[in-house]
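# Structural overview for review
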Amino acid sequence: MQFKLLSAIGIIIIVSGHCYHGGMELAYNWFPPYSYNLALFVFISGYFYKTDYEENIGKYIWKRTKRLLIPAYLWNIFYGGMVAFLGLFGFTIGAKPDLYNLFVMPFVDGEAFQYNLGSWFVYPLFLVCIINVLFRKFLKLIHLDNEFIVLIVYLAIGMIGINTAIENPTAINGIVKLFG
């Protein structure tokens, strides 16, 4: 129940941020905007991570594919169809619906269709889940299964990504941005 409450608080803060703080200046006076919002959800998700996932990685990847990737692609295809249909009447909404924009663009540089921008996080979330379980399995194989090592590696990756984004935000794009 505590995590449901924490998720509800996170949702309210994200929505208020998209509404130019939506009357919640207190939260944004304490923390810079967007510095913790998604990290809160990643924390909640990580709290419920089970080491059992590492026993059958193929099953885990298929489970994440069914839960995250397939629905995201179905929505993307739906929006691509909507863009194509509206294009027949002269409306332009984002990029043209081709195979690249339907299947590759979400992983490389976000969503290609304007009305589908809200699902940008699903693709990096999928990759983070898969990379995490593979990294942990690798650590077990080399007998370095230690949460402190995982913490240090992930903190280093996060710090490098944030520093690179601060130093030159326009230089990071595509697949580099995704991993950062």
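Every value quoted in this text rests on a predicted model; they were computed, and no experiment measured them.

### Topic: the overall build of the protein chain
- When helices and strands are tallied, the protein chain shows eight helices and zero strands.
- Secondary structure elements in the protein chain, listed N-terminal to C-terminal, are α-α-α-α-α-α-α-α.
- In the protein chain, which comprises 180 residues, the proportion classed as buried is 31%.
- Carbon together with sulfur atoms contributes 72% to the accessible area of the protein chain, which is approximately 12,300 Å² in total.

### Describing the side chain of Asn101
- Note on placement: Asn101 falls in helix H5 (residues 99-109).
- Residue class for Asn101 comes out buried when judged on its relative accessible area of 7%.
- Discounting chain neighbours no more than four positions away, the residues touching Asn101 are Asn76, Ala95, Lys96, Pro106, Ala112 and Phe113.

### Notes on the pattern of salt bridges
- Using the criterion set out here, one finds four salt bridges in the structure.
- Salt-bridge contacts for Lys140 lead to Glu54; the nearest nitrogen and oxygen are separated by 3.0 Å. With Lys140 in helix H6 (residues 122-141) and Glu54 in the loop between helix H3 (37-47) and helix H4 (57-87), this pair connects stretches of sequence that are 86 residues apart.
- By relative accessible area, which is 27% here, Lys140 ends up partly exposed.
- We note a salt bridge from Asp98 to Lys96, for which the minimum N-O separation is 3.9 Å.
- Sharing partners across several salt bridges, the network here consists of Glu54, Glu55 and Lys140.

### What to know about H4
- A rise of 1.5 Å per residue sets the reference length of H4, with its 31 residues, at 45 Å; its end C-alpha atoms lie 42 Å apart and thus fit the reference within 8%.
- For H4, the principal kink sits at Thr65 and spans about 45°.
- Every buried residue belonging to H4 is among Ile57, Tyr60, Arg64, Thr65, Leu68, Leu69, Ala72, Tyr73, Asn76, Tyr79, Gly80 and Val83, and all of these are buried.

### Focus: the packing of helix H1 (residues 2-18) against H3
- At a closest axis distance of 9 Å, the pairing of H1 and H3 adopts a crossing angle of 160°. Classified by the interaxial angle, the pair formed by H1 and H3 is roughly antiparallel. Considering the relative orientation of H1 and H3, their crossing is left-handed. Between H1 and H3, the contacting residues are Phe3, Leu6, Ser7, Gly10, Ile11, Ile13 and Ile14 on the first element and Asn37, Leu38, Leu40, Phe41, Phe43, Ile44 and Tyr47 on the second.
- Broken down by class, the residue content of the contact of H1 with H3 amounts to eleven nonpolar, three polar and no charged.

### Here we look at the nonpolar core
- Core analysis: the biggest nonpolar cluster contains 16 residues, and Tyr60, Leu69, Phe107, Tyr123, Phe126 and Val133 have the highest contact counts within it.
- Among the secondary structure elements, those contributing two or more residues to this core are H4 and H6.
- Top element by residues in this core is H6. It accounts for seven residues.

### Topic: a nonpolar patch on the surface
- Judged by side-chain polarity, Trp62, Ile70, Leu74, Ile77, Leu99, Tyr100, Phe103 and Val104 come together as a nonpolar surface patch covering roughly 770 Å² of accessible area.
- Only H4 and H5 provide two or more residues apiece to the nonpolar patch.
- By the secondary structure assignment, Tyr100 is in helix H5.

### Re unusual backbone geometry
- The phi angle at His143 is positive, at roughly 60°, despite the residue not being glycine.
- Tracing the sequence through the fold places His143 in the loop between H6 and helix H7 (147-167).

Rules used throughout
Residues numbered from 1 in each chain as written. Predicted model: local features only at pLDDT ≥ 70, side-chain atom pairs only at ≥ 80, totals over all residues. Heavy atoms only, no water. Helix = DSSP H or I, 4+ residues; strand = E, 2+ residues; numbered from the N terminus. Buried < 20%, exposed > 50% of the residue type's maximum accessible area, 1.4 Å probe, protein only. Areas by Shrake-Rupley, 256 points an atom, 1.4 Å probe, with all protein chains shown as cover. Contact = heavy atoms within 4.5 Å. Salt bridge = Lys/Arg side-chain N within 4 Å of Asp/Glu carboxyl O. Expected span 1.5 Å × (residues − 1). Bend = angle between axes of the 7 residues up to and from the residue. Axes fitted to C-alpha atoms, helices over the stretch in contact; angles between N-to-C directions. Parallel < 35°, antiparallel > 145°, perpendicular 65-115°, else oblique. Left-handed = near helix turned anticlockwise from the far one by under 90°. Nonpolar A, V, L, I, M, F, W, Y, C, P; charged D, E, K, R; others polar. Core = buried A, V, L, I, M, F, W, Y, C linked by side-chain atoms within 4.5 Å. Patch = residues over 30% accessible without salt bridge, like charges linked within 9 Å, V, L, I, M, F, W, Y side chains within 5 Å.

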